[in-house]
Amino acid sequence: MTTLRNIKCGQTVKVVKLHGEGALKRRIMDMGITRGCEVYIRKVAPLGDPIQINVRGYELSLRKSAAEMIEVEKL
Amino acid sequence: MSIKIALTGNPNSGKTTMFNDLTGSNQYVGNWPGVTVEKKEGRLKGQKDVIITDLPGIYSLSPYTPEEIVSRNYLINEKPDAIINIVDGTNIERNLYLTTQLTEMSIPVVIALNMIDIVRKKGDNIDIEKLSQKFGCEVVETSALKGVGSEEAVSKAIALAEQKANTLPPHKFSKSVEDSLSKIASCIESIISPDLLRWYSIKLFERDQMVSEELSLDNDTKAKIESIIAECEKQLDDDSESIITNERYKYIVDAIKDCYVKKNTSRDTVSDKIDKIVTNRWLAFPVFAAVIFLVYFISVTTVGTWATDWVNDVLFGEIIPPAVEGFLESVNCADWLTSLIIDGIIGGVGAVLGFLPQMMVLFLCLSLLEDCGYMSRIAFIMDRVFRKFGLSGKSFIPIIIGTGCGVPGIMASRTIESEEDRKLTIMTTTFIPCSAKLPIISLIAGAFFPGSIWVAPSVYFIGIAAIICSGIILKKTKALSSSPAPFVMELPAYHVPRAKNVALHIWDKTKSFIKKAGTIIFLASGLVWFLSNFNWQLRMVDAPNSILANLGSIVAPVFVPLGWGTWEAAVATLTGLVAKENVVGTLGVLYGLQEVAEDGVEIWGSLQASFTALSAYSLLLFNLLCAPCFAAIGAIRREMKSAKWTLIAVGYQTVLAYAVSLCVYQFGMFFTGNGFNVFTAIAIIVLIGFIYLLVRRPYNKDGKNCSAKEVGNAALGGAKL
């Protein structure tokens, strides 16, 4: 399974499915990361975590532990 | 009949700016998510029967964060007559997600399409007619910042409120979801009013815990609803919460395809270009260090200090006291009253107000950083570091601000979502030396460590170590343990700080500071003056015979193990509770000099006679780490909203300060060849206890201990608490 965590910076991927449950999953979805949407991985923070992505036209940062819940496919 | 209008919208969409614009109030606005935590009310300018409520910025109406719960409870229970939904035009897709939820609540909604000036500047075009049709509510173009359109939005909202015209969402979910929703609706239609039926049905479909508890359905109905949901989930191969969220976003994407024309589709905006440098892998920390250095260079080293020195030495040194003294003499005022006014009140309040210019410069710098959007970048680059100690990147902001003054530092902790993390941050923020502690450092460093360059940095280092260790220790306690808070944070676009906003911010902070100086510090100064000038028979005496000296010598034995059990040191520490700079002032008074310079050069001699270098350093450490000044304790009380937690915080800080000073002094004595005694043994026990608290297993909410790895895994699986 490819997750957002494994994607290199500068790539654009499509969300396949969200794993996990509860508040964190809902929060990720509320922020617009839903099945089928495109996510551009902009950068990794200087210390390697969190990551910064562009989704639905804005910039969002989330930890790699959360990125691991997001299953994606390369475009 | 008054009309209630609620302002809702995403964090950072310009809600508070519009609120200020409409009500003429001066709420502070920041460029980082989460500035409004509680709701605020104000009356519409020029129309006093219209009440505007500013709800906290939210992304959704999920039941998970305090802001969202506050907002949805308000909308359901208070039922405002209309909602103005502020939608950031530059970020329309995600902003409209909340709109799809608001329109289901049977309250008329007006969309204020905000920041329209920026949208136009980018060359984009939004067809508001079509947008209005797609979302079933009126749309007004606004730019809250420039004061454009807010009034039109509010008058539309008033008109709708008067017509009682409910907004009907034109948006429908897919057929199988709609089928399930109407089945759920038929189960609960007997207990829910028809206008909220759809909202409750959707919430039950999402398995919203809060709603199902609120309705207290019987088990049969619950089971029936559960089977309806399960069937739909099976059909669509996803969980119900995801189904709803996905369909909302799908609807938005389709809807804005027709009405939103983007001119420039490139992903790299100006903000991204700035971020290429500011959060760059190699440059982020140098840039961060340079920014912090610059802030302190301006506010502590140069401009701020010049201004503060002028206020301290000239205004409260040469201008006000002689003038007041002259006046008091001319009216033949009694000596004791002159002393109270000059030494007690002007001395005490002046010592605090003296810091005002420095603080204003510091607040100017910090509010520029906040307003331009850099603070959330700090959280972004520091998160990794702070997560290791049980805190999040957002905890760093209060600490930076706390180097200026603990009070705004503590207040800045509001943006941290998790209750436990917020408490933890409040408890640790004041460990970082604030600007009022600088005089103590210069006094001790000057008198005992002349020419030393390590004393001042060591104090900051110990402050940071105290924060880190406290983070680790407290995170493992029952009350403060929590699964790591999700760090899902928007990085708002940079913008040029707005003069009005920055000025408001500085004014807001300055006002509360002056208020504090005028009340609590005013009273405390008078009290200290009284206690140090009178004996128990209420006769005026010299300080060594005063009530204060008496009380000091009762307390002093407590500090013997720390190496400074004299009543002067004890009293100085106690008066430090009023304001930390009092420690130097009190020592000055007690060692027989009325007026001492900031570094207390006049009393170095008498200090050297009473302290060793080691006991002086122990005194310094205790004063830096122990309970902060009353003003900061007041801030802790306000933010904790609990007397119990305030006591816990202050108690923890004092106990930690005592333990650290004890260990430093006793081990210092031992290693400088002063033999082993009972206190050395106690220090060893304290140290072992401290290490135990650092390395022990964290408390687990399920009632059993688990290893750090399991906690990590639980976090990965999502915070299901």
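Please read all numbers here as calculations on a predicted model, not as lab measurements.

1. Considerations on the overall build of chain B
Counting its regular elements, chain B contains 32 helices and nine strands. For 721 residues, the compact-globule estimate of 2.2 N^0.38 gives 27 Å, and chain B sits close to it at 30 Å. With the C-alpha coordinates aligned to their principal axes, the bounding extent of chain B is approximately 85 × 65 × 55 Å. Among the 721 residues that make up chain B, the fraction classed as buried is 55%. The contacts in chain B between residues at least 6 apart in sequence include a share of 70% that link residues at least 24 apart. Carbon together with sulfur atoms contributes 63% to the accessible area of chain B, which is approximately 30,700 Å² in total. Charge centroids of chain B, computed over 66 positive and 70 negative side chains, lie 5 Å from each other.

2. Considerations on the packing of aromatic side chains
For the structure shown, the criterion picks out 18 aromatic pairs over all chains. Here Y97 of chain B and Y249 of chain B contribute two aromatic rings whose centre-to-centre distance is 4.5 Å and whose plane-to-plane angle is 5 degrees, an arrangement assigned as stacked. Highlighted residues: Y97 of chain B in helix α3 (residues 92-102) and Y249 of chain B in helix α11 (residues 240-259), separated in sequence by 152 residues. In this structure, Y97 of chain B and Y249 of chain B share a single accessibility class: buried. Through pairs of rings, three or more aromatic residues link up here, namely F559, W564, F622 and Y658 of chain B. Between R94 of chain B and the ring centre of Y58 of chain A, over which it is positioned, the NZ or CZ distance is 4.2 Å. Taking NZ or CZ as reference, R377 of chain B lies 4.1 Å from the ring centre of Y494 of chain B, over its face.

3. With respect to the sheet that holds strand β4 (residues 58-62) of chain A
With antiparallel pairing, the six strands of this open sheet are ordered in space as β5(A)-β1(A)-β2(A)-β3(A)-β4(A)-β9(B). One side of each edge strand has no neighbouring strand; the edge strands of this open sheet are β5 (70-74) of chain A together with β9 (488-490) of chain B. The mean inter-strand angle of the sheet, taken between neighbouring strand axes irrespective of direction, is 40 degrees. Both strand β3 (residues 51-55) of chain A and β4 of chain A contribute to a ladder of five bridges, which runs antiparallel. Across the sheet, I51 of chain A pairs through a bridge with L62 of chain A, a residue of β4 of chain A.

4. Describing the confidence of the model for chain B
Low pLDDT means the predicted coordinates in that region are not meant to be read closely. Residues and elements named next belong to chain B. Of all residues in chain B, 90% have pLDDT values of 70 or greater, and the mean over the chain is 83. In this model, residues 31-36 is a region of pLDDT below 50 whose contacts with residues beyond four sequence positions or in other chains number 31 contacts. Within the model, pLDDT remains below 50 along residues 702-721, and this stretch shows 23 contacts once partners closer than five positions in the same chain are excluded. Across the assembled chains, the prediction reports ipTM 0.96 with pTM 0.79.

5. Notes on the packing of helix α7 (residues 175-188) of chain B against helix α10 (residues 219-236) of chain B
Residue and element names in this part refer to chain B. Between α7 and α10, the least distance of the axes is 10 Å, while the angle of their chain directions is 180 degrees. The angle between α7 and α10 falls in the class roughly antiparallel. Of the residues in α10, those touching α7 at S176, V177, S180, K183, I184, C187 and I188 are T221, K224, I225, I228, I229, E231, C232, Q235 and L236. Grouping the amino acids of the contact of α7 with α10 by side-chain chemistry returns nine nonpolar, four polar and three charged.

6. Here's the deal with the nonpolar core
All names here are of chain B. Counting residues in each nonpolar core, the largest one holds 94 residues, and the members touching the most others are F288, F611 and L620. Aside from chain neighbours lying at most four places away, what touches F288 is Y374, I378, I381, M382, F396 and I400. Of all hydrophobic cores here, the second largest spans 57 residues; its members include I107, L181, W199 and I202.

7. Comments concerning the sheet that holds strand β5 (residues 109-114) of chain B
Residues and elements named next belong to chain B. Within the open sheet, the six strands sit side by side as β2-β3-β1-β4-β5-β7. Their pairing is mixed. Both outer strands of the open sheet, β2 (40-44) and β7 (138-141), are each paired with one neighbouring strand and no more. Each adjacent strand pair in this sheet contributes to an overall mean axis angle of 25 degrees, direction not counted. When strand β1 (residues 3-9) meets strand β3 (residues 47-54), the two strands line up parallel, connected through five bridges. For I5, the partnering residue across the bridge sits in β3 and is I52. Its contacts with the sheet put helix α1 (residues 15-23) on β1, β2, β3, β4 (82-88) and β5, and the angle it makes with β2 is roughly 40 degrees. Taken strand by strand, α3 contacts β1, β4 and β5, and its axis lies near 165 degrees from that of β4.

8. Some remarks on the pattern of salt bridges
Applying the stated criterion to the full structure yields 30 salt bridges over all chains. Among the ionic pairs, R207 of chain B bridges to E233 of chain B, the shortest N-O distance being 2.9 Å. Residue R207 of chain B is located in the loop between α8 (197-205) and α9 (209-215), and its partner E233 of chain B is located in helix α10; the two are separated by 26 residues in the primary sequence. Note on E233 of chain B: relative accessible area 15%, which makes it buried. Linked through salt bridges whose partners overlap, the residues forming this network are R26 and D30 of chain A together with K203, E206 and E241 of chain B.

9. Focus: a nonpolar patch on the surface
All names here are of chain B. Taken together, the side chains of F670, F671, F676, I684 and I688 make up a nonpolar region of the molecular surface, amounting to roughly 540 Å² of accessible area. Counting only elements with at least two residues in the nonpolar patch, the list comes to α30 (643-671) and α31 (678-695). Position of I684 among the secondary structure elements: in helix α31. The partly exposed category is assigned to I684, whose relative accessible area is 34%.

What counts, and at which threshold
- Residues numbered from 1 in each chain as written.
- Chains lettered and ligands numbered in written order.
- Predicted model: local features only at pLDDT ≥ 70, side-chain atom pairs only at ≥ 80, totals over all residues.
- Heavy atoms only, no water.
- Helix = DSSP H or I, 4+ residues; strand = E, 2+ residues; numbered from the N terminus.
- Rg over C-alpha atoms; globule rule 2.2 N^0.38 Å.
- Buried < 20%, exposed > 50% of the residue type's maximum accessible area, 1.4 Å probe, protein only.
- Contact = heavy atoms within 4.5 Å.
- Areas by Shrake-Rupley, 256 points an atom, 1.4 Å probe, with all protein chains shown as cover.
- Lys, Arg positive; Asp, Glu negative; His and termini not counted.
- Charge placed at Lys NZ, Arg CZ, Asp CG, Glu CD.
- Phe/Tyr/Trp six-rings, centres within 6.5 Å; stacked < 30°, edge-to-face > 60°.
- Lys NZ or Arg CZ within 6 Å of the ring centre and 35° of its normal.
- Pairing = 2+ DSSP bridges.
- Axes fitted to C-alpha atoms, helices over the stretch in contact; angles between N-to-C directions.
- pLDDT = per-residue confidence, 0-100.
- Parallel < 35°, antiparallel > 145°, perpendicular 65-115°, else oblique.
- Nonpolar A, V, L, I, M, F, W, Y, C, P; charged D, E, K, R; others polar.
- Core = buried A, V, L, I, M, F, W, Y, C linked by side-chain atoms within 4.5 Å.
- Salt bridge = Lys/Arg side-chain N within 4 Å of Asp/Glu carboxyl O.
- Patch = residues over 30% accessible without salt bridge, like charges linked within 9 Å, V, L, I, M, F, W, Y side chains within 5 Å.

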